[in-house]
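Breakdown of the fold
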Amino acid sequence: MHMADALLAPAVAATMYAASAVTVGTCVKSLKKEENMEKLPTMAVASALVFAGQMINYTIPGTGSSGHLCGGMMLSALLGPQAGFLSMVVILTIQCLFFADGGLMALGANCWNMAFYGCFVGYYLLWRPIMRSSLFAKLGSKAAGRVKIMLASVLGCVLTLQLGAFSVVLETAASGITELPFGVFVGIMQPIHLAIGLVEGLITSAVLLFVYEARPELLMDMNAQNASGGRFSLKATIVILAVVTALVGGALSLGASGNPDGLEWSLFGNAESGYSENMGLDEEHYGIASGAADAAAAIQEKTAFLPDYAFADSDSAVGTSVSGLIGSGIVAGVAVLVCMAGGFFRKKKVAAKA
Amino acid sequence: MDQLSQAQSELREMDALAGMDSPVHRLHPLCKLLVTVGYIVTVVSFSKYDFSGLVVMVLYPVLLFQTAGIPVRLCFYKLRIVLPLVCAVGLANPFLDRIPLLRLGGLTITGGMVSMVTLMLKGCFSLMASFLLIATTSIDSLCAALRKLHVPEMLVTLLLLTYRYIGVMLEQVAVMTQAYKLRAPGQKGIHISAWGSFLGQLLLRSMDRAEELYNSMRLQGFRGDFFYADVPACTGADVGYVLACAAAFVCARAVNLPALLGSLVVR
Amino acid sequence: MMIEFEKVSFSYDGERPILDQVSFSIGKGESVGLIGANGAGKSTILKLLLGLLSGQGSITVAGRKMCRENLAEIRQKTGFVLQDSDNQMFMPTVYEDMIFGPRNYGLSKEETERRVDTVLARLGLTELKHRYNHKISGGEKRMAAIATILAMEPEIILMDEPSTALDPVNRRTVINTICALPQTKLIASHDLDMILDTCQRVILLSHGKIVADGDAQTILRDKALLEANRMELPFCLQGMARSR
């Protein structure tokens, strides 16, 4: 799910950087307040562990394939959301720098897609409310803990991966990179990540369950079961749920209306012209969508950084003229020459040294 | 597991590359970081049909690879991770965007074909630039550059500490997977019965390690401060490099150089 | 006296004592080996000495009573070499690890620099100064860990298994280095040969109590005593015992 630089327009990348940077800033501030020097070594070791742990292949029974660990959910269950987020940011940075997993410019987007949802949404929306609730209390406290961990990790992983995958689609669409209709793209990404999320959730819950049996004090919110926060957190959950739904829904409609064809495609299986008639709607009267579409187009124009999103017949498609092609050939020739020259000088240097 | 030893050897390789010496290695890390970001932004900002305009950007990585003496092979190997998603997104373009742009004899080149190739080139170019940055800059000087950019101290320190322990952890996971494989021949991964305990055991031990580490810091008077070796200041050459690159990028973005060159030849 | 333990007890759960009324004292410049089976309480003693744990009884280190106010001073005068050097060397380079302690204790940049160079020269490690911690060998890492401690110029040096996981040559280098250190030393180890080479005095622990405290040569040759406490004679003395 790592975004590549090429899939992002600079303005989209910058926006995501800004969003992630603000989150990092908030986290650093909140951790300083807590005087959490003590947490720093734990964060470093835990993120190194998650980094290595993500390379372990877990066999999925009944299939030939294997799954991996979900880092965000696990780190926030161990360290809390703020420290977990910072640790994930560090993991993603190292993956980006040393393993070319995602690009330097896409790092902001990747942090958002993979760390923010996993740590904040997963934690505040699922992990904490579930852990603090009195669900399954009649099973006895130990068994209830087990079921709750299982539930929280599986739901958390599914939700965070869905949000992450959806963000990938949104960011790509907002960058105007692909010709793929929005609806199709969503239709491909979401189900794939549903399956991945389920498996990752199960693996993550297995690891957390082991920790729960051996040293439950390492997990967040384990002792807060009888805290009076039960009712509050339920309320908080509903509020957060509403906000997230509104956000996702808003983004969805904005993105979809920015590309009405895509929405059409996904809703009606490419019903083409029948769409308006079936719905008893006229495209022109579909006011909200076209308004939003204009706004989206305006945004897209701004985001495209010198937006000559030229169409084939316009003059600005200089890139594909005959002279352009020949010129490209010349540049390629120069590049080859540079390589040969470099090789020549290196050989000379080696010879001189010898 | 292969992925593990792969990661270990890739880390070692990048370390070795960054430890080499060349004019590029000697540039100030902050300058290299700025130029790299500038390059990637320029590359990505080309319009999706502007194939020939984009092609000229190949000169930056090629020149850098040659000056730094870094084998291009290693970089291509890394493309395997980025390209799948880029391809998945780009491959649909030729089918969806069939507006003809150019006819060469009997061959019609459509907008989709051009935008697909352009997208893949962008992917390769930006990857090469990041690769070159880290292959010519050690992690600690890069972190020094990040501190100069006022990235929070805590994040930078966490990055360094994590990097320090990634090697240790990879080693431990590799040893454990080997031990597992030796007793479970023919299994491709970790069986479901050991899903939790395998990483869980390591996690518990790692938490003990973290405590030891913290103790060791406390014994040395740790109160939240870290001290690093000094990084030499920017020289005139460094500034010159940044300015020259910036000028070149702006020029390449504003003027379609290959088209100009080509028109000289054609007419 | 550099280190004094007076009726020190410690327990994690309040029931099972890890240390039970332990008393001993170590004079300036003494080199003492701390031996005993796994779980005998060796590491606990080291941690109590550093204020990482607190128990009952009174502990005095370098003339200061162990309490919260004196903690910083005690720790500054006490260097602790951890068993796993990876946990001690957490900075990117050896140099940055060596300046960590001195700078944290408020030493000037120049003074720190001087100490780093002196220590590295003394241990013959000058070449390691700017090397990366994740790229140096196990033996080099152990020596570098000792160097980071020496850069703090401690009066007391505590070591936890300084000779484990080293090849014979590296082990010998570490032993020679330890022998050459003039500071007061307390070394916890299962490597009785190393203890024999580096210490004049030995404290033998068993189940949280001191079983024997005295001359290293005497205790380490006492086959019956060692075997009663889950240990055996040092290898270098076994051959002699057999030939006798």
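Now for a description of the structure that goes with this document. (Residues numbered from 1 in each chain as written. Chains lettered and ligands numbered in written order. Predicted model: local features only at pLDDT ≥ 70, side-chain atom pairs only at ≥ 80, totals over all residues. Heavy atoms only, no water.)

Digging into the overall build of chain C
Scanning chain C from N- to C-terminus turns up eleven helices and ten strands. For chain C, whose C-alpha radius of gyration is 18 Å, the value lies close to the compact-globule estimate of 18 Å for 244 residues. Taking the principal axes of the C-alpha coordinates as reference, chain C spans close to 50 × 50 × 30 Å. In chain C, buried positions account for 57% of the 244 residues. Partitioning the intrachain contacts of chain C with sequence separation of at least 6 by distance along the chain shows that 61% fall at a separation of at least 24. Of the roughly 10,500 Å² of accessible surface on chain C, a fraction of 49% belongs to carbon and sulfur atoms. Distance between charge centroids for chain C: 1 Å, based on 30 positive and 31 negative side chains. (Helix = DSSP H or I, 4+ residues; strand = E, 2+ residues; numbered from the N terminus. Rg over C-alpha atoms; globule rule 2.2 N^0.38 Å. Buried < 20%, exposed > 50% of the residue type's maximum accessible area, 1.4 Å probe, protein only. Contact = heavy atoms within 4.5 Å. Areas by Shrake-Rupley, 256 points an atom, 1.4 Å probe, with all protein chains shown as cover. Lys, Arg positive; Asp, Glu negative; His and termini not counted. Charge placed at Lys NZ, Arg CZ, Asp CG, Glu CD.)

Here we look at the interface of chain B and chain A
Taken together, the contact between chain B and chain A spans 103 residues of the former and 96 residues of the latter. Carbon and sulfur atoms supply 80% of the area buried between chain B and chain A, which totals about 8,900 Å² over both sides. Scanning the region where chain B abuts chain A turns up one salt bridge. As a salt-bridge pair, Asp-208 of chain B and Arg-215 of chain A come within 3.1 Å of each other at their nearest N and O atoms. The tally of links from chain B across to chain A stands at seven residue pairs in polar contact (both at pLDDT 80 or more). Per-element accounting of the side of chain B that touches chain A gives the leading share, 18 residues, to helix α11 (residues 195-219) of chain B. The residue makeup of the side of chain B that touches chain A, split by class, is 68 nonpolar, 24 polar and eleven charged. (Buried area = accessible area lost by both parts, 1.4 Å probe. Salt bridge = Lys/Arg side-chain N within 4 Å of Asp/Glu carboxyl O. Polar contact = N/O pair within 3.5 Å; in protein donor to acceptor, adjacent residues only side chain to side chain. Nonpolar A, V, L, I, M, F, W, Y, C, P; charged D, E, K, R; others polar.)

Focus: the packing of helix α2 (residues 39-53) of chain A against helix α4 (residues 81-99) of chain A
All names here are of chain A. Contact pair α2 / α4: the axes reach a minimum separation of 9 Å and the direction vectors enclose 50°. On the basis of their axis angle, the class for α2 and α4 is oblique. By crossing handedness, the relation of α2 to α4 is classed as right-handed. Of the residues in α4, those touching α2 at Lys-39, Met-43, Ser-47, Val-50 and Phe-51 are Ala-83, Leu-86, Ser-87, Ile-91, Ile-94, Gln-95 and Phe-99. Class assignment for the residues of the contact of α2 with α4 results in eight nonpolar, three polar and one charged. (Axes fitted to C-alpha atoms, helices over the stretch in contact; angles between N-to-C directions. Parallel < 35°, antiparallel > 145°, perpendicular 65-115°, else oblique. Left-handed = near helix turned anticlockwise from the far one by under 90°.)

Digging into the nonpolar core
By size, the foremost hydrophobic cluster in this structure holds 192 residues, and its most contacted members are Leu-86 and Phe-98 of chain A together with Met-57 of chain B. Element by element, the count of residues in this core is highest for helix α5 (residues 107-132) of chain A, at 17 residues. Leave out the neighbours within four places in its chain, and Phe-98 of chain A touches Glu-10, Leu-11, Met-14, Lys-78, Ile-134, Ile-139 and Tyr-163 of chain B. (Core = buried A, V, L, I, M, F, W, Y, C linked by side-chain atoms within 4.5 Å.)

Focus on helix α3 (residues 71-79) of chain A
Within α3 of chain A, nine of the nine residues are buried, which leaves the element mostly enclosed by the surrounding structure. Listing the buried residues of α3 of chain A in full gives Gly-71, Gly-72, Met-73, Met-74, Leu-75, Ser-76, Ala-77, Leu-78 and Leu-79 of chain A. Turning to α3 of chain A, the residues buried within the fold contact α2, α4, α5, α6 (141-174) and α7 (182-214) of chain A together with α11 of chain B. Gly-80 of chain A sits one or two positions beyond α3 of chain A and adopts a positive phi of about 95°.

Without other data, these values stay purely geometric and don't point to any function.
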